[in-house]
Amino acid sequence: MGKVFDRILQNTSFDVPKDWLQIKTIDMHTGGEPLRVIISGFPELQGDNVLEYRRYCKEHYDDLRTALMFEPRGHADMYGCLLVPPNDDDGDFGVLFLHNEGYSTMCGHAIIAISTLAIEMNWVEASDGEVELKIDAPCGRIHSFIQIEDNTVKGVRFHCVPSFVVGLDQQVEIEGLGTITYDLAYGGAFYAYVDLAKNNLGLKLTTDNYRDLITKGMRIKNEVMQQNANINHPFEKDLSFLYGTIFIGDSLTPEVDSKNVCIFAEGEVDRCPTGSGVSGRMAIHWARNQIKVDAYMTIESITGSKFKGSVVKELDYGPFRAVIPEVEGTAHITGMHTFVIDPKDPMKKGFILR
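Summarised in this report is the structure supplied together with it.

The rules behind the values
- Residues numbered from 1 in each chain as written.
- Predicted model: local features only at pLDDT ≥ 70, side-chain atom pairs only at ≥ 80, totals over all residues.
- Heavy atoms only, no water.
- Helix = DSSP H or I, 4+ residues; strand = E, 2+ residues; numbered from the N terminus.
- Rg over C-alpha atoms; globule rule 2.2 N^0.38 Å.
- Buried < 20%, exposed > 50% of the residue type's maximum accessible area, 1.4 Å probe, protein only.
- Contact = heavy atoms within 4.5 Å.
- Core = buried A, V, L, I, M, F, W, Y, C linked by side-chain atoms within 4.5 Å.
- Patch = residues over 30% accessible without salt bridge, like charges linked within 9 Å, V, L, I, M, F, W, Y side chains within 5 Å.
- Areas by Shrake-Rupley, 256 points an atom, 1.4 Å probe, with all protein chains shown as cover.
- Salt bridge = Lys/Arg side-chain N within 4 Å of Asp/Glu carboxyl O.
- Polar contact = N/O pair within 3.5 Å; in protein donor to acceptor, adjacent residues only side chain to side chain.
- Pairing = 2+ DSSP bridges.
- Right-handed = clockwise from strand over helix to strand, strands pointing away.

1. Examining the overall build of the protein
Turning to step 1, where the next piece is worked out: When you go through the protein residue by residue, the secondary structure sums to 6 helices and 18 strands.
Turning to step 2, where the next piece is worked out: Taken over C-alpha atoms, the radius of gyration comes to 21 Å for the protein, in line with the 20 Å a tight globule of 354 residues would show.
Turning to step 3, where the next piece is worked out: Each of the three principal axes of the protein carries a C-alpha extent, and together these read 70 × 50 × 45 Å.
Turning to step 4, where the next piece is worked out: Across the 354 residues of the protein, 55% fall into the buried class.
Turning to step 5, where the next piece is worked out: Contacts in the protein between residues far apart in sequence, at least 24 positions, make up 61% of those at least 6 positions apart.

Rendered as structure tokens:
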């Protein structure tokens, strides 16, 4: 055996210089959609609630978001979260959601993943049955329910914040695409829902249409933002923006009701059916009298992963008649990382090529 190779086998740890920042994460996926959970090393945020923590992070540590989400540590479709204190003593913890554009208001796949992680890491005491967590997201409090059998997480369902329809069968004119008919709804974030059965876009919700989905999804998002003045949350200005476009189509999979492909942030493609997107869809189907309380719909993603969606109850929410949706899925751990940031690295803040 060569001397250098022998030394390689004996020296497998790197001593991180004291002036380098170390950030530890646990990486997961929910239905194929990545989640990088930051568990230590991130500077302490100042504030009294999740929205204040989010503002502080954006103003003071946005370079760490880009360092962890962008290349070379991440990629254009990376997604992450940062755990913070809850808004009050009744909550378990809060969460900030990070992506290539900034900070989202809600993320269902992250709720499913961090709820799973809370059991795997023994952050909460658990036994067989169901464990409830109260998680404060920027959009409000999310209640998640983890199903445990034989000390193993079998799945997670969560109750989203009140979700509502702003308008059905809205229309927007887009050069080269013509008249686009869409529904505008909120499920913790605002989306323009584009049913392919109502629009002649020449799209299929398959991986070989990936680039076309991004291009058309972003064009629709940008035009709806410019032409629709109704993207306003009834209580929080920080929540009043269009997060993405969701294309809806038929699924070829037996026992699946339909397919979702969400184009969000700065052209990210959700690998899972999109938890907040499914929440908004439940409000749409409720408004159209297409679903009843406790009746489930199974919705598939571009990767073939599936979420179950249902309506728990109806309620008034500001000027809207809203619903509390339930979304169910599974998540898995993919790795543990210690990322280091060398202050002399000219690319320490990250970059994106797409």
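Having put the structure on the table, let's press on.
2. A short note on the nonpolar core
Turning to step 1, where the next piece is worked out: Ranked by size, the top nonpolar core spans 91 residues in total, and within it Phe 97, Ile 142, Leu 201, Ile 220 and Phe 247 carry the most contacts.
Turning to step 2, where the next piece is worked out: Here this core takes 8 residues from helix H4 (residues 108-120), the largest share from any one element.
Turning to step 3, where the next piece is worked out: Counting 21 residues, the second largest nonpolar core, distinct from the first, contains Phe 42, Tyr 56, Leu 64 and Leu 68.

3. Looking at a nonpolar patch on the surface
Turning to step 1, where the next piece is worked out: On the surface, Val 4, Phe 5, Ile 8 and Leu 9 cluster together into a nonpolar patch covering about 400 Å² of accessible area.
Turning to step 2, where the next piece is worked out: With respect to the secondary-structure elements, Leu 9 resides in helix H1 (residues 3-10).

4. Description of helix H2 (residues 50-60)
Turning to step 1, where the next piece is worked out: The complete set of buried residues in H2 reads Val 50, Leu 51, Tyr 53, Arg 54, Tyr 56 and Cys 57.
Turning to step 2, where the next piece is worked out: The inward-facing, buried residues of H2 abut helix H3 (62-69), strand E3 (80-84), strand E4 (93-98), strand E5 (103-104) and strand E6 (129-137).
Turning to step 3, where the next piece is worked out: The distance from a side-chain oxygen at the start of H2 to the backbone nitrogen of Leu 51 is 3.2 Å, and the residue carrying that oxygen is Asn 49.

5. Describing the pairing of strand E11 (residues 190-195)
Turning to step 1, where the next piece is worked out: Counting buried positions along E11 yields 5 of 6 residues, so the element is predominantly enclosed.
Turning to step 2, where the next piece is worked out: When strand E10 (residues 178-186) meets E11, the two strands line up antiparallel, connected through 4 bridges. Paired with Asp 183 across the two strands is Tyr 193, which belongs to E11.
Turning to step 3, where the next piece is worked out: Examined bridge by bridge, E11 and strand E12 (residues 242-249) share 6 bridges and lie parallel to one another. Residue pairing across strands places Ala 192 opposite Thr 245, the latter belonging to E12.
Turning to step 4, where the next piece is worked out: For the handedness criterion, the β-α-β arrangement of E11, helix H5 (residues 210-227) and E12 is classed as right-handed.

6. Re the side chain of Gln 147
Turning to step 1, where the next piece is worked out: Note that Gln 147 resides in strand E7 (residues 140-149).
Turning to step 2, where the next piece is worked out: Residue Gln 147 is classed as buried on the basis of its relative accessible area of 18%.
Turning to step 3, where the next piece is worked out: At a separation of 3.2 Å, a polar atom in the side chain of Gln 147 contacts the side chain of Glu 130.
Turning to step 4, where the next piece is worked out: Dropping the residues within four chain positions of it, Gln 147 is found in contact with Gly 129, Glu 130, Thr 152, Val 153, Lys 154, Gly 155, Val 156, Arg 157 and Glu 328.

7. Considering the pattern of salt bridges
Turning to step 1, where the next piece is worked out: Evaluated as defined, the whole model comprises 18 salt bridges.
Turning to step 2, where the next piece is worked out: We note a salt bridge from Asp 212 to Lys 216, for which the minimum N-O separation is 3.4 Å. You can see Asp 212 and its partner Lys 216 sitting in helix H5, 4 residues apart, about one turn around the helix.
Turning to step 3, where the next piece is worked out: Judged by its relative accessible area of 28%, Asp 212 is partly exposed.

8. Quick look at the side chain of His 109
Turning to step 1, where the next piece is worked out: Counting through the fold element by element, His 109 comes out in helix H4.
Turning to step 2, where the next piece is worked out: Take His 109: its relative accessible area is 2%, and that puts it in the buried class.
Turning to step 3, where the next piece is worked out: Among the polar contacts made by the side chain of His 109, one reaches the main-chain carbonyl oxygen of Pro 34 at a distance of 2.9 Å.
Turning to step 4, where the next piece is worked out: Not counting residues within four places of it along the chain, the set of residues in contact with His 109 comprises Thr 30, Glu 33, Pro 34, Leu 35, Tyr 79, Cys 272 and Gly 275.

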